[in-house]
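Observations on chain architecture
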Amino acid sequence: MAIATTESYAAMLDAAKAGGYAFPAINITSSSSVTAAIQGFAEAESDGIIQVSVGGGQYASGSTIKDAVVGSLALAAYARVVAEKYGVTIALHTDHCHKVYLDEWLKPLLKLEAESIASGKGPIFNSHMWDGSSVPMDENLLIAEELLEMSQAADTILEIEIGVVGGEEDGHSAEVNDKLYSTPEDGIKTIEKLGLGEKGRYLTAMTFGNVHGAYKPGAVKLRPEILGDIQSAAAEKFGKDKPFDLVFHGGSGSTAEEIATAVSHGVIKMNIDTDTQYAYTRPVVDHMMKNYDGVLKVDGEWGNKKTYDPRAWGKLAEAGMAARVVEACQQLGSAGKKI
Ligand SMILES: O=C(CO)COP(=O)(O)O
Ligand SMILES: O=C[C@H](O)COP(=O)(O)O
Ligand SMILES: [Zn+2]
Ligand SMILES: [Zn+2]
């Protein structure tokens, strides 16, 4: 088992929908965080999803280079090689692509993937997100329709955002307003434009108060039951039970109950970044503080190479992040679920 194929990714998503569980989708930005996420999935005996944001791709290309396509391809290539060693299937995804990044990031990736398919090779990523939250709904769906067509040529699944996820994502900050909560009308409009799979499979991030980042309890009002209302209205209109394959953004800091309710309404992918970032950094801070006079050359001493070797603290970081991935798999019900 290794990086998902088109078929095995579809099987993962179908199994999650039928089985009432969801996969964590973990943001990765470096070879070390790719390893950490996959290690976590392996420890949980769970298949999973890793994803690159435009900022993550820029960083991975080299912080002075900032080429999101190069960095995304580099992370995918690294993941493809190392994932072979872990007994789980990992899907590769790209996260929020706003309109301003379509031409420099998502469309070039989709074109490269279509070429790869046309020449008989497999896809590179398994799915990509178009984030139309900063344009009017009609334009969001129009662009989604175009990208869904491109996704078919690339053999990838498209994720869309209906409503607005709050907080920040690569410089895009959303104001807290009623768009944080999607409506049944939004759901019906989406299916009227994009169909029920016959134009290509898509995942939908319907918003229910989601916010990127982690906040003190009470600051974020998640209303996951909204997802049930949207699924029911669409089911009644189009005659298909739970027609949406839903995505939960801003997974960090959510309670087990909020997660369970969202999953019960058809969430099959939950994005986690802030909590896994913290889980990666926390053990490094601990290591540096405990080994202060080893990682530093204090008072003319020579420090201790064994403590400042980046592998010494890197593996602690990876273990910390992996443990948070295991927790996510347990909360989402994907632990022990492998295709
Ligand atoms: O939604 C996310 C990535 O798209 C992650 O959100 P958090 O950082 O709140 O976990
Ligand atoms: O969009 C939210 C994800 O956490 C990605 O974050 P980023 O844009 O800072 O890389
Ligand atoms: Zn968004
Ligand atoms: Zn998000």
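For the structure, check the block above.
So, a few notes on the structure that sits alongside this text. Predicted model, so just to flag it, every value in this text is computed and none were measured.

Scoring rules and cut-offs
- Within each chain, residues carry numbers counting from 1 in the order of the written sequence.
- As a convention, the first chain written is A and the first ligand written is 1, with the rest following in written order.
- Residue-level local features of this predicted model are given only where pLDDT is at least 70; pairs of side-chain atoms are given and counted only at 80 or more, and the full residue set underlies all totals for whole chains, interfaces and linings.
- Note that water and hydrogens are dropped before the side-chain values are worked out from all heavy atoms of the structure.
- Only protein chains enter the accessibility calculation, which uses a 1.4 Å probe; a residue is then buried when its area is under 20% of its type maximum, exposed when over 50%, and partly exposed in between.
- Only runs of H or I of at least four residues qualify as helices and only runs of E of at least two qualify as strands under DSSP, and these elements are numbered from the N terminus.
- Any two strands between which DSSP finds at least two bridges are classified as paired.
- By the criterion used throughout, a crossover qualifies as right-handed when its path from the first strand across the helix to the second strand runs clockwise, the strands pointing away from the viewer.
- Metal donors: N, O and S atoms at distances within 2.8 Å, or within 3.2 Å for Na, K and Ca, with water omitted from the atom set so that some sites may seem incomplete.
- Whether a residue is near a molecule or strand depends on its heavy atoms: it is near if one of them lies within 4 Å of it.
- Whenever two N or O atoms come within 3.5 Å, that pair is a polar contact, provided that in protein one can donate a hydrogen and the other can accept it, and provided that, for residues adjacent in sequence, both atoms are side-chain atoms.
- Accessibility throughout is a Shrake-Rupley quantity obtained with a 1.4 Å probe, and a residue counts as covered only by protein chains that appear here.
- Buriedness for pockets is judged along seven lines, at least five of which must meet protein on both sides within 12 Å for an open set on the 1 Å grid over protein atoms alone, while cavities are sets there where a 1.4 Å probe fits but cannot get out, and lining residues have an atom within 4 Å of a point.
- Assignment of a molecule to a cavity or pocket requires that more than half of its atoms lie within 2 Å of the corresponding grid points.
- Classes in brief: Ala, Val, Leu, Ile, Met, Phe, Trp, Tyr, Cys and Pro nonpolar; Asp, Glu, Lys and Arg charged; the others, Gly included, polar.

1. Focus: the pairing of strand β5 (residues 157–162)
- Here β5 lies mainly inside the structure; six of its six residues are buried.
- Residues of β5 alternate between two faces, with I157, E159 and E161 on one and L158, I160 and I162 on the opposite face, all of them buried.
- Note: strand β4 (residues 127–130) against β5, four bridges, orientation parallel. Bridge pairing links M129 to E159 in β5.
- Taking the sense of rotation as the criterion, the β-α-β connection linking β4, helix α6 (residues 137–154) and β5 turns out right-handed.
- Bridging between β5 and strand β8 (residues 202–206) involves five bridges; their strand directions are parallel. Note that in β8 the partner of E159 across the bridge is L203.

2. A few points about the coordination of the zinc ion (ligand 4)
- The protein atoms donating to the zinc ion (ligand 4) are H96 (NE2), H212 (NE2) and H249 (ND1), with metal-donor distances spanning 2.0 to 2.1 Å.
- Spacing between the donor residues of the zinc ion (ligand 4) along their common chain follows H-x115-H-x36-H. Placement of the pair is H96 in the loop between β3 (90–94) and α5 (102–118) and H212 in the loop between β8 and α8 (225–238), with a sequence separation of 116 residues.

3. Comments concerning the site of ligand 1
- The local shell around ligand 1 holds 15 residues, among which D95, G213, G250, S252 and T274 are the closest.
- At 2.9 Å from an oxygen atom of ligand 1 is found a main-chain nitrogen or oxygen belonging to D273.
- Considered on its own, ligand 1 offers 300 Å² of accessible surface; in the complex 96% of this is hidden by protein.
- A majority-of-atoms criterion places ligand 1 in the largest pocket.
- A class-by-class count of the residues in the shell around ligand 1 yields two nonpolar, eleven polar and two charged.

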